[in-house]
Every structure is written in structure tokens, then in C-alpha cells.
Amino acid sequence: MTTQPDPVLAICPHCGAANRVPAARLGANPTCGKCHKGLFTAAPLAVDQAGFDRHVTKGTLPVLVDFWAEWCGPCKAMAPAYAQAAKVLEPQLRLLKVDTEAEPMLSQRYQIRSIPTLMLLSGGRELARTSGAMPVEQIVRWVRQNQA
């Protein structure tokens, strides 16, 4: 008898509901059981502290976070590359954006010293971080090299 991998707990980007999705069905455009919208949007999701905590602690997908600010030139320059990376990396992980000006407690919690900073988390645990703007190919390569 073959065993199936554990289902993934994916947090809906629209309503925040937790959804169990068989790992083999992640690429089949799964929808939320509560709001019936797609669980993956192929775009980074801007989150506040509560949304961040829900994705990082409740969801089981690895999470890539872009800590940024509106006034930061390199952050704005990297935003299109980060958006393109979401199209490549989802649904194997969730891409989040945290505005450090709007969410200073998250910046303090993770000791963000410069922006943009990318942080890769899995199971609520930090796997890796890097600072500085990167093109899409470098973002994707960095994530794949640092996934557990």
C-alpha cells in the first residue's frame, strides 16, 4: 500500500480560512472551502501582523516574505521581480509582503535591519534571509537553494 503525503494546510488569501489540500493537488488550482475563490493567485499577498501570523503559524506551506517600505527605492525596484517570482514559486510556497512602516512590530520581532529583506520560513521557523534587491531569477534560485 502506498502512502500519500500529508495534506498541506493552505491559508486562503481572500478570507483567511485554513484549507486542507492534498500535496498532489496543489497545482490543480484548488479553491477555498469557505469562500470558493482560488487558494493561489500567483501574486504576493500584502499582509498585516495577524495575516502574517496566520500564514506562518497556521499554514504548512513554506512562506517567502518581502519586508519593504513605500519610501524605499530598492524595494520599489524589486517589487516587479518579486511579483514575477510568485508566478514561478506558487503553489509550492506562499509569497507575502510586509510593509515595515505599517507593521513595525513584525520588523522588530524578526530584527529587520535593512530593506528590502527576503526571509524564507517553514513551519514557523526561519530557514534563510537575505537583504538587497534581486532580479526574479536570483530570487527563485535563492529560494530553491534554501528550502528544507
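Right above here is the structure, for reference.
Residues numbered from 1 in each chain as written. Predicted model: local features only at pLDDT ≥ 70, side-chain atom pairs only at ≥ 80, totals over all residues. Heavy atoms only, no water.

Trainee: Could you give an account of the overall build of the chain, naming the residues involved and the relevant values?
Mentor: In terms of helices and strands, the chain carries four helices and seven strands. Of the regular secondary structure in the chain, the N- to C-terminal order runs β-β-β-α-β-α-β-α-β-β-α. What you see for the chain is a C-alpha radius of gyration of 15 Å, in line with the 15 Å of a compact globule of 148 residues. Across its three principal axes, the chain shows a C-alpha extent of roughly 50 × 30 × 25 Å. Per-residue burial over the chain gives 45% buried out of 148 residues. (Helix = DSSP H or I, 4+ residues; strand = E, 2+ residues; numbered from the N terminus. Rg over C-alpha atoms; globule rule 2.2 N^0.38 Å. Buried < 20%, exposed > 50% of the residue type's maximum accessible area, 1.4 Å probe, protein only.)

Trainee: With reference to specific residues and values, describe the pattern of salt bridges.
Mentor: For the structure shown, the criterion picks out five salt bridges. Residue K76 is joined to E70 by a salt bridge in which the shortest nitrogen-to-oxygen separation is 3.2 Å. By relative accessible area, E70 is classed as partly exposed at 47%. (Salt bridge = Lys/Arg side-chain N within 4 Å of Asp/Glu carboxyl O.)

Trainee: An account of the nonpolar core is needed here, citing residue identities and associated values.
Mentor: The nonpolar side chains of soluble globular proteins are, as a tendency, buried together. One finds L64, L89, L95, L118 and I139 to be the most contacted residues of the largest nonpolar core, which totals 18 residues. Elements with a minimum of two residues in this core: α2 (73-89), β6 (117-122) and α4 (136-146). The leading source of residues in this core is α2, at six residues. Setting aside chain neighbours within four positions, we find L95 in contact with A43, P44, L45, L64, Y82, A85, A86, L89 and E90. With 14 residues, the next largest nonpolar core counts L96, L106, Y110 and M119 among its residues. (Core = buried A, V, L, I, M, F, W, Y, C linked by side-chain atoms within 4.5 Å. Contact = heavy atoms within 4.5 Å.)

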